[in-house]
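Results of the structural survey
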Protein chains: 2
Amino acid sequence: MKQLTVERWGLLELSLPGRTGGNPFTDYEIRGRFTGEKEDVTVSGFYDGNGIWKIRFMPSFSGAYRYTVSGTFAEAESSGFFTVMEPSARNHGPVRIAGEHHFAYADGTPFYPLGTTCYVWTQQPDSRIEETLRSLKEARFNKIRFCILPKHYDYNLGEPRTYPFEGTPMDSSVLTKENFWEFTGKAEGNHFDLTRPNPAHFQHLEKCILALQNIGVEADLIVMHPYDRWGFSCMPREADDLYWRYVIARFAAFRNVWWSLANEYDLLKAKTEEDWEHYADLLVRNDPYGHLRSIHNCIPFYDHTRPWITHCSIQRQDLYRGAEYTDEWRERYGKPVVLDEIAYEGNIQHGWGNLTGEEMVRRFWEGAVRGGYPGHGETFLNPEDILWWSHGGKLHGESWKRIGFLLDVLAGVPGRGLRCLPAEWDSVCGVPEDPELAERTGYRLYYYSFMRPSFRDFRFDDSTLYHAEVIDTWNMTVTDAGDCRGRFRVELPARPYMAVRITKR
Amino acid sequence: MKQLTVERWGLLELSLPGRTGGNPFTDYEIRGRFTGEKEDVTVSGFYDGNGIWKIRFMPSFSGAYRYTVSGTFAEAESSGFFTVMEPSARNHGPVRIAGEHHFAYADGTPFYPLGTTCYVWTQQPDSRIEETLRSLKEARFNKIRFCILPKHYDYNLGEPRTYPFEGTPMDSSVLTKENFWEFTGKAEGNHFDLTRPNPAHFQHLEKCILALQNIGVEADLIVMHPYDRWGFSCMPREADDLYWRYVIARFAAFRNVWWSLANEYDLLKAKTEEDWEHYADLLVRNDPYGHLRSIHNCIPFYDHTRPWITHCSIQRQDLYRGAEYTDEWRERYGKPVVLDEIAYEGNIQHGWGNLTGEEMVRRFWEGAVRGGYPGHGETFLNPEDILWWSHGGKLHGESWKRIGFLLDVLAGVPGRGLRCLPAEWDSVCGVPEDPELAERTGYRLYYYSFMRPSFRDFRFDDSTLYHAEVIDTWNMTVTDAGDCRGRFRVELPARPYMAVRITKR
């Protein structure tokens, strides 16, 4: 008998033939129970088409495990043993909340989410998917937000490569850039069997999730969204439940999965708060690993104090001020703040998609120094209508080049992340979240945003020797500004986007 | 007998010898009554030193007038006749409120205040004063805010050329850039006789006011301010009253005078709201011409709904958002909004004084398109420590060069000014304040601020022929974008700071 092994936080998949008569998606159920010394987890399996049923499990501990499969049909019954090995070098487990406002992998390694958004990169041709993966790696993004369902929106009126349900879509040849809104959020003209998910759609997504995992990128899965002409945003409750259960059963065992209940939840006009709370309940009950959970707004924030929400996923509400509210949001919600939409670098007609690279990077830093985690996005017009924000592919802007530098600065903060001091009115000052570490290291990261001082004066105490560095956040340089004590001056180049980093010697 | 004449809104000055024994500033009074067909005005005169008393009058109508002087001493009695001629070509009279939110000269000519601030330009050597006047003219500023009293502040620790009262100041050799705050708002070490104004101080200011008048610049006089080490910001009530009455008697007859009760009123710790209301009462009672009246804040706005306040003089309260609130302030106060401090272009250490030219001009436009009137300021370090914001002199920045262009755009708005439509969320749209004119001309001024769309689509109606122009607010170009009807697209260069102007053909 073959020795069954999996690494800790790896994915164990049991694959078995089973009952297929009638509608295997709704007529039968299958469950797996996984028992090790430190956990005892029961998960639902799912029908993967072609007569095959699957059950997936992500072990949280190493050691000897036993599994038992049962179901509403006799063929489901089976059991066995497997061994969970120590994780391989680049496997740190799923990302968890660390402290009140930050993140760490399950093995304790700090994680600073600096992500991007490519809503339907998975629905593109293979060559573009490969290109997207290369771009993500080059930019050092460590999280990407994307949709499970296909997208109907400006610059994205084509058909996806697959649909999440069996059936045929409406005739999209009638769509134009002017009339596409009229079809948004409607089901008319489509013929999908909402009792029969399309395994091919989800198998492909899994390949993409795994490809992300292989390059160290978290997959922030948007389970529902309003950019829809196929009726998937206005399905009846039973179809929603089937969809949610299917999604959870398939994806929850991937360690790099995060759950975003919706993008712009408030634009899903067919859904109520009761619906969202219901999906959240389904998720909490059926994801035994407790992956991160959030819900993203267009205008009104969801109540991020709800217990099931692990972190704030925020789209800024104000055209002019956004990342600058990060510290207020941290305090209001007592959770990590991820700025999943602070507008995009680009040049399209919409105000959310035509920032300069400089303004985008300024927003990154405003958010980061205040103890939050900014997200990137990019919308540049091009003859092919391939925009990173929707399709992935190549990055054209300037801000993505500055993500790795910010990541390195954050990784250099003592402890797990920053919080913002109520400092001078005209600078932001981030210090280590842990007060003891802040005191011991004297670490202070001052950011001057759009302002361009020629110098700044400091005085903390008269005895300690400090070390000052000037950080040019745009040109990505760190310049030694020497040791200093008492009242001291740091000369600055009178350019915007500068920071000063102070540490005790 | 010599024929006495003055032009309408000119300044008639009666100068006569009078009682000088004791303290002429407090022991005697003198009044003039000026009677024409359409007005009958009584004003207080003032002692101008050297045995001379003066009474000043600004006639609001042309025609035959009679004057009568009386006082608490016999020598004061006199009377006579004079003729008020029509105003000369460049004399449009004092500036008044026009409609709810705009300004016009007394003769009806629209006035669009685009001013600057040079707090103590009058206290500089003559050569610099001349240079300031040349700079104002070149930049086409039409208003300047400045102090009557001397200024004690960073970059401005020297002695003024004159003091407003007789006496001797504290020893300023003890001052440093670090310790000057400790002397702020205090009177210790000074020996001024607060019952004896120094006429030379005010005579010099009058020369400056007149020089401004000659180049078409309004003098926004800051009567009180907190940047003081001589005790003038914490005088007792009797001294304040003497000062206010003296100031009003001397300056009110200059047609280009505006009254700013204070700069950063809330930093004058010795003064209460009751004090400000008292000064306002003095002003309303003693300025028969009703010059414009405002009061400028550091943090909390004064209650601009108070009836004596003619327009809001606003310093922005938020580091990130300022001019963008203009339309809200207009609505809240129902008065014109003058943005007398939206931070300065420059490179000094303080966040209020180190904007880029681009950001400064962006704020101008945000304020202007929303129907307000932005103010300029400039704070560039230089070896001589001569900063425009305080000393006047030369302009070093980039934003001042764009004032005239904005002025021309505003002058091209049908009627007297703009109001802001509740337009698209990602653009500001100014239309003529007068709804009938707005409808008839179809005039719309869209501003895109920091955003950089490659194009914008419009559709107002399907029959009217419109004309579109692209305005580059930074490069100061207006480019014809052709005639258009129905749904149309205006191509833009995907650069920030662009505007689109639409008018009916």
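Here's a quick rundown of the structure. (Residues numbered from 1 in each chain as written. Chains lettered and ligands numbered in written order. Predicted model: local features only at pLDDT ≥ 70, side-chain atom pairs only at ≥ 80, totals over all residues. Heavy atoms only, no water.)

Observations concerning the overall build of chain A
Operational definition: Only DSSP runs of H or I reaching four residues or more are called helices, and only runs of E reaching two or more are called strands; each is numbered from the N terminus. Only the C-alpha atoms count toward the radius of gyration. The rule for a globule is 2.2 Å times the residue count to the power 0.38. Any residue under 20% of the maximum accessible area for its type is buried, any over 50% is exposed, and the rest in between are partly exposed; the area is computed with a 1.4 Å probe on protein chains only. A contact between two residues is defined here by any heavy atoms of the two lying within 4.5 Å. We get accessible surface area from the Shrake-Rupley algorithm with a probe of 1.4 Å; when it comes to residues, only the shown protein chains can shield them. Counting rule applied: Lys, Arg positive; Asp, Glu negative; His and chain ends not counted. Every charge is mapped to an atom, namely NZ of Lys, CZ of Arg, CG of Asp or CD of Glu.
Broken down by element type, chain A carries 10 helices and 31 strands. Here chain A has a C-alpha radius of gyration of 24 Å; the compact-globule value for 505 residues is 23 Å, and the two agree. Its C-alpha atoms give chain A principal-axis dimensions of roughly 80 × 60 × 40 Å. When each of the 505 residues of chain A is scored for burial, the buried share is 63%. Long-range contacts, defined as pairs at least 24 residues apart, comprise 71% of the intrachain contacts of chain A with a sequence gap of at least 6. Entry remark: accessible area of chain A is about 18600 Å², with carbon and sulfur atoms responsible for 49%. Where the 58 positive side-chain charges of chain A centre and where its 71 negative ones centre are 4 Å apart.

Details of the sheet that holds strand S6 (residues 52–57) of chain B
Spelled out, the test is: Whether two strands pair comes down to DSSP finding at least two bridges between them.
What the three strands build is an open sheet, ordered S2-S6-S5 (chain B); its pairing is antiparallel. Two strands bound the open sheet, and with one partner strand each, they are strand S2 (12–17) and strand S5 (46–47) of chain B.

Things to note about the sheet that holds strand S1 (residues 5–7) of chain A
All names here are of chain A. This is how it is decided: Axis definition: a line fit to C-alpha positions, over the contact stretch in the case of helices; interaxial angles, taken between N-to-C directions, run 0 to 180 degrees.
Read across the sheet, five strands follow the order S1-S8-S7-S3-S4 without closing on themselves; strand pairing throughout is mixed. Every other strand in the sheet has two partners, leaving S1 and strand S4 (40–44) as the edge strands with one partner each. Direction aside, neighbouring strands of the sheet carry axes that sit 30° apart on average. With three bridges connecting them, S1 and strand S8 (residues 78–85) associate as parallel partners. Of the residues in S8, the one forming a bridge with Thr5 is Thr83.

A word on helix H3 (residues 199–214) of chain A
Residues and elements named next belong to chain A. Formally: Expected helix span is given by 1.5 Å per residue-to-residue step, counting one fewer step than there are residues.
For H3, built from 16 residues, the straight-helix expectation of 22 Å at 1.5 Å per residue is met to within 8% by its first-to-last C-alpha distance of 22 Å. Listing the buried residues of H3 in full gives Pro199, His201, Phe202, His204, Leu205, Glu206, Cys208, Ile209, Leu212 and Gln213. Backbone geometry just downstream of H3 places Gly216 in the positive-phi region, at approximately 75°.

Structural notes on unusual backbone geometry
All names here are of chain B. Here the phi dihedral of Tyr155 falls at roughly 70°; this positive angle occurs in a residue that is not glycine. Following the sequence through the fold, Tyr155 ends up in the loop between strand S13 (143–147) and strand S14 (165–168). Phi is positive for Glu264, which is not a glycine, with a value near 45°. Here Glu264 lies in the loop between strand S17 (257–262) and helix H5 (273–286). What makes Glu264 buried here is its relative accessible area of 9%.

Some details on the packing of helix H4 (residues 237–251) of chain A against helix H5 (residues 273–286) of chain A
Residues and elements named next belong to chain A. This is how the line gets drawn: Handedness of a crossing follows from how the near helix is turned relative to the far one, being left-handed for an anticlockwise turn of less than a right angle and right-handed for a clockwise one. Think of it as three bins: nonpolar holds Ala, Val, Leu, Ile, Met, Phe, Trp, Tyr, Cys and Pro, charged holds Asp, Glu, Lys and Arg, and polar takes everything else, Gly as well.
Following both chains from N to C, one finds H4 and H5 inclined at 35°, their axes separated by 10 Å at the closest point. Judged by the sense of rotation from one axis to the other, the crossing of H4 with H5 is right-handed. Residues Arg237, Asp240, Asp241, Trp244, Arg245 and Ile248 of H4 touch H5, and the partners they reach there are Glu274, Asp275, His278, Tyr279, Leu282, Leu283 and Asn286. Its residues assigned to classes, the contact of H4 with H5 shows five nonpolar, two polar and six charged.

Observations regarding the relation of the copies chain B and chain A
Stated precisely, the cut-off is as follows: The copies were overlaid by least squares, fitting only the C-alpha atoms of residues that reach a pLDDT of 70 or more in each copy.
When chain B is fitted to chain A, the residual RMSD is 0.1 Å, and the transformation amounts to a turn of 180° plus an axial shift of 0.0 Å. Classification of the inter-copy transformation places it as that of a two-fold axis. Relative to the rotation axis, the closest C-alpha in chain B is found at Arg321 of chain B, a distance of 3.4 Å.

Some remarks on the packing of helix H7 (residues 357–369) of chain B against helix H9 (residues 403–411) of chain B
Residue and element names in this part refer to chain B. Operational definition: Note on angle classes: values under 35 degrees are labelled roughly parallel, values over 145 roughly antiparallel, values of 65 to 115 roughly perpendicular, and the remainder oblique.
Contact geometry for H7 and H9: axes closest at 11 Å, N-to-C directions at 15°. Between H7 and H9, the crossing angle belongs to the class labelled roughly parallel. Like other packed secondary-structure pairs, H7 and H9 cross with a definite hand, here right-handed. Between H7 and H9, the contacting residues are Phe364, Trp365 and Ala368 on the first element and Ile403, Phe405, Leu406, Val409 and Leu410 on the second.

Side note on the packing of aromatic side chains
Using the following cut-off: Two aromatic rings from Phe, Tyr or Trp, using only the six-membered ring of Trp, form a pair when their centres are within 6.5 Å; if the ring planes differ by under 30 degrees the pair is stacked, by over 60 it is edge-to-face, and anything between is tilted.
For the coordinates displayed, the defined rule picks out 106 aromatic pairs over all chains. Between Tyr28 of chain A and Trp53 of chain A the ring centres are 6.5 Å apart and the planes differ by 75°, which places this aromatic pair in the edge-to-face class. Note that Tyr28 of chain A is positioned in the loop between helix H1 (24–27) and strand S3 (30–35) and Trp53 of chain A in strand S6 (residues 52–57), a separation of 25 residues in sequence. Both residues of the pair, Tyr28 of chain A and Trp53 of chain A, belong to the buried class. Seen in terms of ring centroids, Tyr28 of chain B and Phe73 of chain B are 5.6 Å apart; in terms of plane orientation they differ by 70°. Their pairing is edge-to-face. In this pair, Tyr28 of chain B is assigned in the loop between helix H1 (24–27) and strand S3 (30–35) and Phe73 of chain B in the loop between strand S7 (63–71) and strand S8 (78–85), connecting sequence segments 45 residues apart.

Some details on the interface of chain B and chain A
Heads up, the condition is: Accessible surface is computed with a 1.4 Å probe, and the buried area is the amount of it that two parts give up when combined, taken over both parts together. By definition here, a salt bridge exists when the distance from a side-chain nitrogen of Lys or Arg to a carboxyl oxygen of Asp or Glu is within 4 Å. Polar contacts, as used here, are pairs of N or O atoms within 3.5 Å; protein pairs need one atom able to donate a hydrogen and one able to accept it. Residues neighboring in sequence count only if both atoms are side-chain atoms.
Listed as interface residues are 40 residues of chain B and, on the opposing side, 40 residues of chain A. A combined buried area of about 3100 Å² lies between chain B and chain A, and 60% of that area is made up of carbon and sulfur atoms. Per-residue buried area on chain B facing chain A is highest for Tyr320, Phe450 and Arg452 of chain B; these three make up 25% of the total on that side. Summed over the shared surface of chain B and chain A, the result is two salt bridges. The tally of links between chain B and chain A comes to 18 residue pairs in polar contact (both at pLDDT 80 or more). Sort the elements by how many residues they give to the side of chain B that touches chain A and H7 of chain B lands first, with four residues. Class assignment for the residues of the side of chain B that touches chain A results in 16 nonpolar, 10 polar and 14 charged.

A few points about the nonpolar core
To keep it simple, the criterion reads: Only buried Ala, Val, Leu, Ile, Met, Phe, Trp, Tyr and Cys residues count toward a nonpolar core, and they belong to the same one when joined by side-chain atoms within 4.5 Å.
In terms of nonpolar packing, the biggest core is built from 260 residues, with Tyr243, Phe251 and Trp365 of chain A together with Tyr243, Phe251 and Trp365 of chain B touching the most fellow members. Not counting chain neighbours up to four residues away, the residues in contact with Phe251 of chain B comprise Ile148, Phe202, Leu205, Glu206, Ile209, Leu221, Val257 and Trp259 of chain B.

With respect to the environment of Pro453 of chain B
Inspection of the secondary structure puts Pro453 of chain B in the loop between strand S26 (444–447) and strand S27 (455–459). A relative accessible area of 3% means that Pro453 of chain B is categorised as buried. Each C-alpha atom of the pair Pro453 of chain B and His225 of chain B lies 44 Å from the other, and the pair is 228 residues apart in sequence. The residues contacting Pro453 of chain B, other than those within four sequence positions of it, are Asn347, Ile348, Gln349 and Asn354 of chain A together with Tyr448, Leu492, Pro493 and Ala494 of chain B.

Brief notes about the state of the cysteines
Keep this limit in mind: Disulfides are defined as pairs of cysteine sulfur atoms found within 2.5 Å of each other.
The full count for this structure, using the stated rule, is zero disulfides over all chains. Cys147 of chain A takes part in no disulfide bond, and the closest cysteine sulfur to it belongs to Cys118 of chain A, at a distance of 11 Å. Accessibility expressed as a relative area gives 1% for Cys147 of chain A, which makes it buried. Note on Cys208 of chain B: no disulfide assigned, nearest cysteine sulfur contributed by Cys118 of chain B at a separation of 11 Å.

Things to note about the pairing of strand S10 (residues 102–105) of chain A
Looking down a regular strand, the side chains alternate between one sheet face and the other. All names here are of chain A. Residues His102 and Ala104 point to one face of S10 and Phe103 and Tyr105 to the other, with burial holding for every one of them. Alignment of strand S9 (residues 95–98) against S10, held across four bridges, turns out to be antiparallel. Across the sheet, Val95 pairs through a bridge with Tyr105, a residue of S10. In textbook terms, the turn of a hairpin is the stretch between consecutive antiparallel strands, and for S9 and S10 this stretch comprises three residues, one of which, Gly99, has a positive phi near 70°.

Topic: the pairing of strand S2 (residues 12–17) of chain A
Residues and elements named next belong to chain A. On S2, burial follows the alternation: Leu12, Leu14 and Leu16 on one face are buried, whereas Glu13, Ser15 and Pro17 on the facing-out side are not. Judged from the six bridges that link them, S2 and S6 form a sheet pairing that is antiparallel. The residue bridging Leu12 from the neighbouring strand is Phe57, located in S6.

A closer look at the pattern of salt bridges
Residues and elements named next belong to chain A. All chains considered together, the criterion is met by 90 salt bridges over all chains. The residue Arg33 makes a salt bridge to Asp40 at a minimum N-O spacing of 2.6 Å. Accessibility expressed as a relative area gives 42% for Arg33, which makes it partly exposed. One continuous salt-bridge network, built from bridges that share partners, spans Glu324, Asp327, Glu359, Arg362, Arg363, Glu366 and Arg370.

Here's the deal with the environment of Asp461 of chain B
All names here are of chain B. Inspection of the secondary structure assignment puts Asp461 in the loop between S27 and strand S28 (466–472). Between the C-alpha atom of Asp461 and that of Arg485, which follows or precedes it by 24 residues, the distance is 7.6 Å. Residues in contact with Asp461, not counting those within four places in the same chain, are Tyr466 and Gly486. Here the side chain of Asp461 touches Ser463 through a polar contact of 2.9 Å, landing on its backbone nitrogen. Only 2.6 Å separates the side chain of Asp461 from the backbone nitrogen of Thr464, close enough to count as a polar contact.

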